[in-house]
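Observations on the model geometry
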Amino acid sequence: YMNQRIILSFLLLLFFISPEILAQGRRMAAADDAFNTFQYNIAVTRYKKAYSRTKSRPEKDRISFKMAECYRLMNNTKRAEVTYRRMINSDFARKNPVAYLNYADMLKTNEKYELAAQYYALYVENMPDDPRGINGVESCTKAKEWIDNPTKYSVDNIKKINSKNDDYAATYSDKFYNALIFTSTREGSTGKGLDGWTGQNFSDLFQSRQDRKDEWSEPTLIDSEGKLNTTSNEGAPVFNASFSTMYFTRCGNEDAESSNCKILMVKRSGKGWGEPQVLELGSDSTVTNGHPAISADELTIIFSSDRPGGKGGKDLWIATRTSTGDKFKKPLNIGELVNTPGDEVFPFLRNDTTLYFASNAHPGLGGLDIFKSYKRNNEWSKPINIEVPVNSSGDDFAMVFKPGEDAGVMSSNRKGGRGGDDIYTF
């Protein structure tokens, strides 16, 4: 009899719930589902619809935060800043102080250093043990200093190979250092439709060569047979010392994979390529592995991963093997001097003893900055910011040197580029 009453009460309750409440629940579930599968471009459209249909202030704040997160993860820092601002003084922000941190990060990237410092300080009050807040406050002080006193580097946009889309993570692809292979989402890439994360084309590997007059050729796909460039995202290539083997990243879009990424290696075969092989870097297929950097003897690999046991976000990990025919041993975290609760990405090994990488959580000018760390007694030293003009308030990353020279290529989405990420010489 009690059970019957409970069932009857439940049915009556369902009867009185308005169809609009049920529809709103479905809208939010669909938006959250897209967000949780990294489809931020799709999620933000769904959140907008849910936002316009709700009258509840707490719910509006929650949706605003989610929308701001989508914009932040899509690198639309201006929209992210405006959307965080909408809920930054709410109860939601007070109960979820990461909102202060992420808002401060967007302010810093948009060069509003004084206001950013206030919100980093607010985050420190709430989360005193998280170094991102303290580093953020320090960033805002140092940024002005670095802008006023630039280093001797010069940075120039390679206009001929950049497009209005994202072009980034270039590597030298021959021993004369006059050919590049790089990542691009430009028109002509092989994936169908748009990437639900970025709203751009899926990325592919392209190549360009410099002639005797130092002019770069029109970039072309490095492969159009579907061997290397597929309907997934490919990018972040690096070669071994003899340029006979390339390591690169592929992020799943086919075979019902989620967006997790793998590192592949492929050997050159005449003027073409052999069959790419996935590098085994641990048994967990749900983790993301990407951005390989390889030592001169190919026995050490450093890469970026979100695997368990890290410091938070994406960390740099290191794995070794005894010969190039062997599998890599279990990867080890490179350590807490280098890794932070933020993201450490795009490593590059110079002379096997200096590590260049990008981070958004060490003291920097905004977005990703490039840092270097030295190997001493098998430990990596505290990272040093490369400062202005290599770093800017935007994302600066993927610094690659020519051997024996303080020159090379890097990537940045700084102001004055052709659009999105661009490739620069330094």
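Up top is the structure.
Anyway, here's the lowdown on the structure attached to this text. Numbers given to residues run from 1 along each chain, matching the order in which its sequence is written. Given that this is a predicted model, residues contribute local features only at a pLDDT of at least 70 and side-chain atom pairs are listed and counted only at 80 or more, while totals for whole chains, interfaces and linings are drawn from all residues. The side-chain figures draw on all heavy atoms in the structure; neither hydrogens nor water molecules are used.

**What to know about the overall build of the chain**
Helix and strand labels come from DSSP, where a helix needs a run of H or I of at least four residues and a strand needs a run of E of at least two; each type is numbered from the N terminus. Broken down by element type, the chain carries nine helices and 22 strands. Relative to the compact-globule value of 22 Å for 426 residues, the chain shows a C-alpha radius of gyration of 23 Å, a close match. Overall, the C-alpha framework of the chain stretches about 85 × 50 × 40 Å when taken along its three principal axes. Expressed as a percentage of the 426 residues in the chain, the buried residues total 51%. Radius of gyration here is computed from C-alpha atoms only, and the compact-globule reference equals 2.2 Å multiplied by the residue count raised to the power 0.38. Each residue is assigned to one of three classes by its accessible area relative to the maximum for its type, calculated with a 1.4 Å probe on protein chains only: buried under 20%, partly exposed between the two thresholds, exposed over 50%.

**Notes on the packing of helix H3 (residues 40-52) against helix H4 (residues 57-73)**
The axes of two packed helices give the description: the angle between them and the distance between them. To get an axis, a line is fitted to the C-alpha atoms, and for a helix only the part in contact is used. The angle between two axes follows their N-to-C directions and goes from 0 to 180 degrees. Remark: H3 packs on H4, axes separated minimally by 9 Å, with the N-to-C direction vectors making an angle of 160°. Judged on the interaxial angle alone, H4 and H3 are roughly antiparallel. In this structure, H3 crosses over H4, and the sense of that crossing is left-handed. Residues Tyr40, Ala43, Val44, Tyr47, Lys48, Ala50 and Tyr51 of H3 pack against Arg57, Lys60, Ile63, Ser64, Lys66, Met67, Cys70, Tyr71 and Leu73 of H4. Side-chain classes are defined by residue name, with Ala, Val, Leu, Ile, Met, Phe, Trp, Tyr, Cys and Pro counting as nonpolar, Asp, Glu, Lys and Arg as charged, and the others, Gly among them, as polar. A per-class count over the contact of H3 with H4 returns 11 nonpolar, one polar and four charged. Angular relationships are summarised with four words: roughly parallel below 35 degrees, roughly antiparallel beyond 145, roughly perpendicular across 65 to 115, and oblique for the angles in between. Each crossing gets its handedness from the near helix: less than a right angle anticlockwise from the far helix is left-handed, clockwise is right-handed. Throughout, a contact is declared for two residues whenever any of their heavy atoms are within 4.5 Å.

**Structural notes on unusual backbone geometry**
With omega at 10°, the peptide bond leading from valine 388 into proline 389 counts as cis. Structurally, the position occupied by proline 389 is in the loop between strand E19 (384-385) and strand E20 (396-401). For glutamate 298, which is not a glycine, the phi torsion comes out positive at approximately 65°. Within the secondary structure, glutamate 298 is located in the loop between strand E11 (289-294) and strand E12 (300-305).

**A word on the pairing of strand E8 (residues 261-269)**
If DSSP finds at least two bridges between two strands, the strands pair. Here strand E7 (residues 245-251) pairs with E8 via seven bridges, running antiparallel. Paired with arginine 250 across the strands is lysine 262, a residue of E8. Two strands pair when backbone bridges link them, and E8 and strand E10 (residues 277-278) are joined in this way by two bridges, in the antiparallel orientation. By the bridge assignment, leucine 264 is partnered in E10 with valine 278. Where E8 meets strand E9 (residues 272-273), two bridges bridge the pair, whose relative direction is antiparallel. Among the inter-strand pairings, serine 269 is bridged to a residue of E9, identified as glycine 272. In sequence, E8 turns back onto E9 through a hairpin of two residues, with glycine 270 there showing a positive phi of about 60°.

**Topic: the side chain of histidine 362**
Structurally, histidine 362 can be placed in the loop between strand E16 (354-359) and strand E17 (369-376). Histidine 362 gets classed as buried once you look at its relative accessible area, which sits at 10%. Apart from the residues within four sequence positions on either side, histidine 362 is in contact with Asn135, Ser139, Leu337, Val338, Thr340, Glu344, Phe357, Phe371 and Pro383.

**Some thoughts on the state of the cysteines**
By disulfide we mean two sulfur atoms from cysteines, separated by a distance within 2.5 Å. Inspection of the entire model under this criterion finds one disulfide. Bridging cysteine 251 to cysteine 261, the disulfide has an S-S length of 2.0 Å. Of note, the bridge from cysteine 251 to cysteine 261 carries an S-S torsion of about 100° and is right-handed in sense. With cysteine 251 in strand E7 and cysteine 261 in strand E8, the pair connects residues that are 10 residues apart, well separated along the chain.

**Considerations on the nonpolar core**
Throughout this description, the term nonpolar core refers to a set of buried Ala, Val, Leu, Ile, Met, Phe, Trp, Tyr and Cys residues connected via side-chain atoms within 4.5 Å. In this structure, Tyr47, Ile63, Cys70, Tyr84 and Tyr119 are the most contacted members of the largest nonpolar core, which totals 39 residues. Sorting the residues of this core by element identifies helix H2 (19-36), H3, H4, helix H5 (77-87), helix H6 (91-95), helix H7 (98-109), helix H8 (113-126) and helix H9 (131-148) as the ones contributing at least two each. When residues no more than four places from it in sequence are discounted, the contact partners of tyrosine 84 are Phe65, Ala68, Glu69, Arg72, Asn102, Tyr103 and Met106. With 22 residues, the next largest nonpolar core counts Val155, Leu180, Phe348 and Ile386 among its residues.

**Let's talk about the sheet that holds E12**
Spatial strand order, E11-E12-E13-E14: four strands in an open sheet with antiparallel pairing. Every interior strand has two partners, whereas the edge strands, E11 and strand E14 (332-333), have only one. Inspection of the sheet shows E12 paired to strand E13 (residues 315-320) by six bridges, in the antiparallel sense. Its bridge partner being in E13, serine 304 is matched across the sheet by leucine 316.

**Quick look at H9**
A helix is expected to span 1.5 Å multiplied by its residue count minus one. The end-to-end C-alpha distance of H9 is 26 Å, a good match for the 26 Å that 18 residues give at a rise of 1.5 Å each. Taking the largest bend as the criterion, H9 deviates by roughly 30°, centred on lysine 142. Within the span of H9, buried status applies to Gly133, Asn135, Gly136, Ser139, Cys140, Ala143 and Trp146. One axis is fitted to the seven residues ending at the residue and one to the seven starting there. The bend at that residue is the angle between these axes.

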